[in-house]
Amino acid sequence: MKSYTVDQIRTMFLDFFQTKDHRILPSASLIPHGDPTLLLTVAGMVPFKRQFLGLEKPVHPRIATSQKCIRTGDIDNVGKTDRHGTFFEMLGNFSFGDYFKKEAIAWSWEFVVEHLQLPPDKLWVSIYLDDDEAFELWHNDVGVPAERIVRLGKEDNFWETGSGPCGPCSEIHIDRGPEFGCDDPDCKPGCDCDRFFEFWNLVFIQFHQDGDTYSPLEHKSIDTGMGLERVAALLQGKTSIFEVDNLRPVLRGVEKLAEVVYGQDPQTDVSLRVIADHMRAVTFLIADGVLPSNEGRGYVLRRLIRRAVRHGRLLAIDGTFLNKVVGWVIEQMTEAYPELVEREEYIYRVVGLEEQRFGETLEQGMRLLQELVHKGKEKGLTEIEGKDVFKLYDTFGFPIDLTREILAEEGFSVDEAGFQAAMEAQRERARQSRTEHGYLDSSLAAYTDLAGAVTTEFVGYGQDEVTAQVVGIIVDSHGSDRAERGEKVAVILDKTPFYAEGGGQVADQGYIETETGRVRIHDVRTPVQGLISHLGVVEEGYIAVGSSAQAKIGTDHRLATARHHTATHLLHRALKDVLGDHVNQAGSYVGPDRLRFDFTHFQAVSDAEIRSIEAQVNTEILKNSPVIPTITDLDRAKEQGAMALFGEKYEQEVRMVRVGEDSLELCGGTHVNATGEIGLFRILSEGSVAAGVRRIEAVAGFQALTHVLAQERILEDIRSRLQVPIEELPETIEKLLETNRKLEKEMANVKKQNVLASLDTLVAEADNVGDAFIVVAEVEAEQAEDLRTLGDRIRDRLDPVAILLGSKNENRVLLLSMVSKSLVQTGLHAGQVVKQAAQICGGGGGGRPDMAQAGGSRPENLSKALESGLEFFRTHLEGISQ
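Residues numbered from 1 in each chain as written. Predicted model: local features only at pLDDT ≥ 70, side-chain atom pairs only at ≥ 80, totals over all residues. Heavy atoms only, no water.

**Quick word on the overall build of the protein chain**
A tally of helices and strands in the protein chain yields 25 helices and 34 strands. For the protein chain, long-range pairs separated by at least 24 residues make up 68% of all intrachain contacts whose partners lie at least 6 apart in sequence. Carbon and sulfur atoms provide 47% of the accessible area of the protein chain, an area that totals close to 41,400 Å². Side chains of the protein chain give 96 positive and 139 negative charges; the mean places of these two sets differ by 3 Å. (Helix = DSSP H or I, 4+ residues; strand = E, 2+ residues; numbered from the N terminus. Contact = heavy atoms within 4.5 Å. Areas by Shrake-Rupley, 256 points an atom, 1.4 Å probe, with all protein chains shown as cover. Lys, Arg positive; Asp, Glu negative; His and termini not counted. Charge placed at Lys NZ, Arg CZ, Asp CG, Glu CD.)

**Brief notes about unusual backbone geometry**
Cis geometry marks the peptide bond from D799 to P800; its omega dihedral reads -5°. Locating P800 in the fold gives a position in the loop between α22 (784–797) and β31 (801–808). With a phi angle near 60°, Q117 is a residue other than glycine that sits in the positive phi range. With respect to the element layout, Q117 can be found in the loop between α3 (101–115) and β4 (123–128). The phi dihedral of N624 falls on the positive side, at around 55°, and the residue is not glycine. Secondary-structure assignment places N624 in the loop between α17 (607–622) and β24 (627–633).

**Details of a nonpolar patch on the surface**
Residues F702, L705 and L709 make up a contiguous nonpolar surface patch of roughly 290 Å² in combined accessible area. For L709, the location among the structural elements is in helix α19 (residues 702–722). A relative accessible area of 38% places L709 in the partly exposed class. (Patch = residues over 30% accessible without salt bridge, like charges linked within 9 Å, V, L, I, M, F, W, Y side chains within 5 Å. Salt bridge = Lys/Arg side-chain N within 4 Å of Asp/Glu carboxyl O. Buried < 20%, exposed > 50% of the residue type's maximum accessible area, 1.4 Å probe, protein only.)

**Some thoughts on the nonpolar core**
The biggest cluster of nonpolar side chains holds 103 residues, and the ones touching the most others in it are I9, L118, L123, W138, F199, W200 and M279. If we skip the residues at most four places from it in the chain, M279 touches A308, L322, V325, V326, V329 and V351. (Core = buried A, V, L, I, M, F, W, Y, C linked by side-chain atoms within 4.5 Å.)

**Looking at the packing of aromatic side chains**
Evaluation of the coordinates by the stated rule reveals 27 aromatic pairs. Aromatic side chains F458 and Y499 sit 6.3 Å apart centroid to centroid with 70° between the ring planes, which places their arrangement in the edge-to-face category. Of this pair, F458 sits in strand β12 (residues 457–458) while Y499 sits in the loop between β17 (495–496) and β18 (510–513), and the two are 41 residues apart along the sequence. A residue is classified by how much of its surface remains accessible, and F458, at 24% relative accessible area, is partly exposed. Their ring planes at 80° and their centres at 6.4 Å tell us that F872 and F873 sit as a pair that is edge-to-face. On the basis of relative accessibility, which here comes to 22%, the residue F872 falls in the partly exposed class. Taken together through their ring pairs, the aromatic side chains of F13, F16, F17, F111 and W200 make up a single cluster. Here the guanidinium or amino end of R655 rests over the ring plane of Y461, the centre of that ring lying 3.7 Å away. (Phe/Tyr/Trp six-rings, centres within 6.5 Å; stacked < 30°, edge-to-face > 60°. Lys NZ or Arg CZ within 6 Å of the ring centre and 35° of its normal.)

**A word on the sheet that holds strand β26 (residues 663–666)**
Strand order in the open sheet formed by 3 strands is β24-β25-β26, with antiparallel pairing between adjacent strands. The open sheet is flanked by β24 and β26, the only strands paired with a single partner. Here the average twist between neighbouring strands, direction ignored, is 25°. (Pairing = 2+ DSSP bridges. Axes fitted to C-alpha atoms, helices over the stretch in contact; angles between N-to-C directions.)

**Concerning the sheet that holds strand β22 (residues 585–590)**
With antiparallel pairing, 4 strands are arranged side by side in an open sheet as β22-β23-β28-β27. Edge positions in the sheet fall to β22 and β27 (681–690), since each has one partner strand and no second. In this sheet, adjacent strand axes meet at a mean angle of 15° when their direction is disregarded. Sheet topology note: the strand β23 (residues 595–600)/strand β28 (residues 693–700) ladder contains 6 bridges and is antiparallel. Looking across to β28, one finds that F599 is bridged to R694. Where helix α16 (residues 555–579) meets the sheet, it contacts β22, β23, β27 and β28, and its direction lies at approximately 25° from that of β23.

**Thoughts on the environment of R793**
The topology assignment puts R793 in helix α22. Assessed through its relative accessible area of 38%, R793 is described here as partly exposed. Between the C-alpha atom of R793 and that of F681, which follows or precedes it by 112 residues, the distance is 61 Å.

**Digging into the pattern of salt bridges**
When charged atoms on two side chains of opposite charge get close, those side chains can pair. Across all of its chains, the model carries 49 salt bridges by this definition. We note a salt bridge from R518 to E539, for which the minimum N-O separation is 3.8 Å. With R518 in strand β19 (residues 517–528) and E539 in strand β20 (residues 531–544), this residue pair connects regions lying 21 residues apart in the sequence. Judged by relative accessible area, E539 falls into the partly exposed class, the value being 28%. R694 is the partner of E686 in a salt bridge, and the nearest nitrogen-oxygen pair spans 2.6 Å. By relative accessible area, which is 12% here, R694 ends up buried.

**Description of the packing of α3 against helix α4 (residues 132–142)**
Following both chains from N to C, one finds α3 and α4 inclined at 45°, their axes separated by 10 Å at the closest point. With respect to α4, the axis of α3 lies oblique. Crossing of α3 against α4: the hand is right-handed. The residues of α4 that touch α3, namely those facing K101, K102, I105, A106, S108 and W109, are E133, A134, L137, W138, D141 and V142. (Parallel < 35°, antiparallel > 145°, perpendicular 65-115°, else oblique. Left-handed = near helix turned anticlockwise from the far one by under 90°.)

**Focus: the packing of helix α24 (residues 830–840) against helix α25 (residues 862–881)**
The geometry of α24 relative to α25 is characterised by a closest axis approach of 8 Å and an angle of 155° between their N-to-C directions. In terms of axis orientation, α24 runs roughly antiparallel to α25. By crossing handedness, the relation of α24 to α25 is classed as right-handed. Between α24, through Q832, V833, Q836, A837 and I840, and α25, the contact on the second element is made entirely by K864, A865, S868, G869, F872 and F873. Residues of the contact of α24 with α25, tallied by class, amount to 6 nonpolar, 4 polar and 1 charged. (Nonpolar A, V, L, I, M, F, W, Y, C, P; charged D, E, K, R; others polar.)

No statement about biological role is implied by the geometric values presented.
Quick look at the structure:
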């Protein structure tokens with residue numbers, strides 16, 4: 001076999017299908033566009049789900065791509081096997097109602113044999129059990145011997161999810177030789193051994209599934225997928241995807257960091273592989289706009305980073321190191337993905353900040369582990385519960401091996417069954433998440449019949465009300481000819497002034513009226529390209545398909561929203577001007593009540609910066625600058641410097657909105673005609689929402705005026721109470737605060753003196769058992785520190801002594817125990833007595849043998865708790881004095 005690099009294989013594949021009249025498209029983002037059913041792009045067909053479902057028209061009936069993908073369902077196997085990785089590229093060719101099995105099979109064989117030059121006598125294919133058509137094509141047209149065509153069942157060779165488009169598939173395998181096999185003379189594709197290596201899957205989408213019913217599709221389609229790294233390993237003569245030409249250099253760099261040699265120790269190899277693989281995934285995720293968080297795709301990113309850090313520690317790599325690996329990844333992948341270089345500094349900042357924060361999290365995890373050990377010893381346990389160990393693993397990133405090692409040193413074992421149960425529960429949740437919506441979900445099936453047959457013209461940029469025709473009605477997820485009073489309904493019109501939710505802007509609200517009924521519209525969506533769905537409730541009469549309708553939006557709602565949307569553009573520009581060009585939009589909400597703007601920035605915005613940003617926006621408002629929307633093509637808009645939301649999918653024709661001289665963005669939302677219509681802009685708050693992401697909430701127009709008036713009322717109320725002019729309020733309040741601080745300090749000193757005043761009495765009234773003293777008493781103390789001070793003074797005056805002090809207020813109990821060292825040597829333990837007392841008071845605590853403290857929530861039981869402590873001391877001391 002001839003060896004090819006990853007870049008060469010990718011180019012060969014795309015060039016080959018270009019000769020077969022395929023449109024070559026760049027890889028889509030790892031964030032699935034307009035698909036809430038998926039966290040990440042997991043296969044080459046994901047960007048084309050709506051086209052396969054017939055909900056959108058493809059840009060060309062034949063398409064080929066090399067799609068970047070991430071799968072984490074088998075993350076625990078990464079590094080342990082030769083083929084598992086989280087990040088990979090999927091080569092694919094797709095037909096949307098164009099060619100079918102004959103061409104797909106013939107072209108796949110042509111590419112594999114003539115271009116990749118794989119030996120035909122080593123190639124096998126698998127087909128679905130009763131797919132005789134595929135058998136005939138492989139055997140008669142291509143010439144594959146019948147004995148090398150294997151029929152397999154649904155589990156292996158049929159793609160379905162219970163509903164929607166589906167069909168059989170055919171896979172191409174290569175025989176790597178008996179040395180990779182299981183010694184079964186009948187070994188062939190479908191066997192669990194590693195002899196037959198599957199590298200290309202052809203899916204024939206020819207049925208529509210509804211439960212157990214399979215109906216032939218009128219327009220059949222093709223979806224193929226070939227793992228680029230897998231086929232590269234095959235052609236380069238490597239047994240592992242980690243040894244292909246664009247991943248091995250990354251692995252080699254980690255080797256040098258860890259000062260180890262790959263291939264000498266299996267456990268070391270696992271860590272090297274995990275770091276190399278995970279940091280490829282991390283680099284691409286951040287480049288596509290994902291940021292670390294505790295949910296969704298942000299959690300996937302955070303978990304990948306933390307796993308890489310953990311394996312770095314297992315390799316004894318000192319200090320932070322992940323950004324070095326990021327650099328090697330970018331170096332290897334930049335030819336195919338030049339955007340990595342454009343985002344390089346940003347990726348470094350996100351990774352560096354998250355790696356630093358995880359170091360702090362590891363410390364928290366260590367404290368939790370120590371706490372589990374302490375509690376286990378108190379309870380006399382020898383095993384730590386699996387759910388607690390899993391929390392360490394999942395939340396704090398503790399490797400299970402490290403947890404076992406630390407626990408073993410303390411004389412504990414891990415509840416392995418409980419840990420595995422928690423792990424499996426997480427895997428099951430992940431599996432359900434991956435398969436819930438399946439291969440091609442049909443959640444939008446109700447719109448399928450309308451898609452392509454009718455379209456909705458949006459006229460809302462210039463009209464608030466329009467006469468239209470009802471062309472579709474959906475009730476309970478099914479098409480209907482009419483909807484009655486009280487029914488929830490989705491209404492499709494041939495034209496509409498209603499803006500559909502999108503780009504962060506909420507939908508318009510209003511009414512659709514016909515001669516027979518009235519629908520109150522509360523939401524508007526675009527479920528399918530070209531269709532606008534008006535969601536509402538029939539309030540009067542009924543509404544029917546074919547009726548003439550009057551569609552009217554709520555103008556107050558629209559104008560308030562428009563003020564906030566134009567203000568958002570001005571805010572975005574001001575953030576870049578004040579904070580720097582690294583600021584990019586990371587999310588937004590634009591409604592009639594307020595605006596919310598998430599943006600990339602790595603530290604809190606100072607008060608001075610907030611004032612500068614707010615001032616710049618209001619200055620632009622006072623200029624009454626024109627707001628000018630323009631329709632142009634995407635390339636021309638970018639040439640003019642229009643800001644685009646990173647990772648967003650844009651059509652070739654785009655709408656560009658210019659606000660004043662400096663703000664230019666791609667935007668389909670509604671805006672005011674001139675900035676003066678915004679009126680006023682006020683920032684309400686600024687804070688962090690994720691690592692490297694800040695959030696500003698603000699109001700404009702009447703909402704800003706309402707906010708200012710509310711603040712003025714508060715100021716007037718304070719002024720009235722203090723009886724000073726408003727301009728003197730800051731000085732007056734500062735004086736009051738200073739006076740309050742002095743009084744608090746004086747009160748604290750008085751309370752401490754009151755506590756110490758009881759010292760002589762406590763010493764004089766101490767009990768004796770042999771040569772030892774016992775002091776058990778309720779005292780007045782606000783803080784645990786006061787109890788410790790009093791205990792220290794008693795211990796200075798009496799030796800040896802056993803002390804238990806308690807204090808209470810309305811809903812809290814404080815307890816302290818101290819024991820002289822000579823009594824500790826007899827087995828008396830302060831932690832045991834304070835724990836017993838705390839339990840009586842509805843609390844808990846503990847500590848060292850010579851000093852321990854605790855709290856409780858039942859002050860009414862303090863006397864009983866102190867009595868139990870006194871009895872505890874007496875019993876012990878009387879026992880050792882006999």
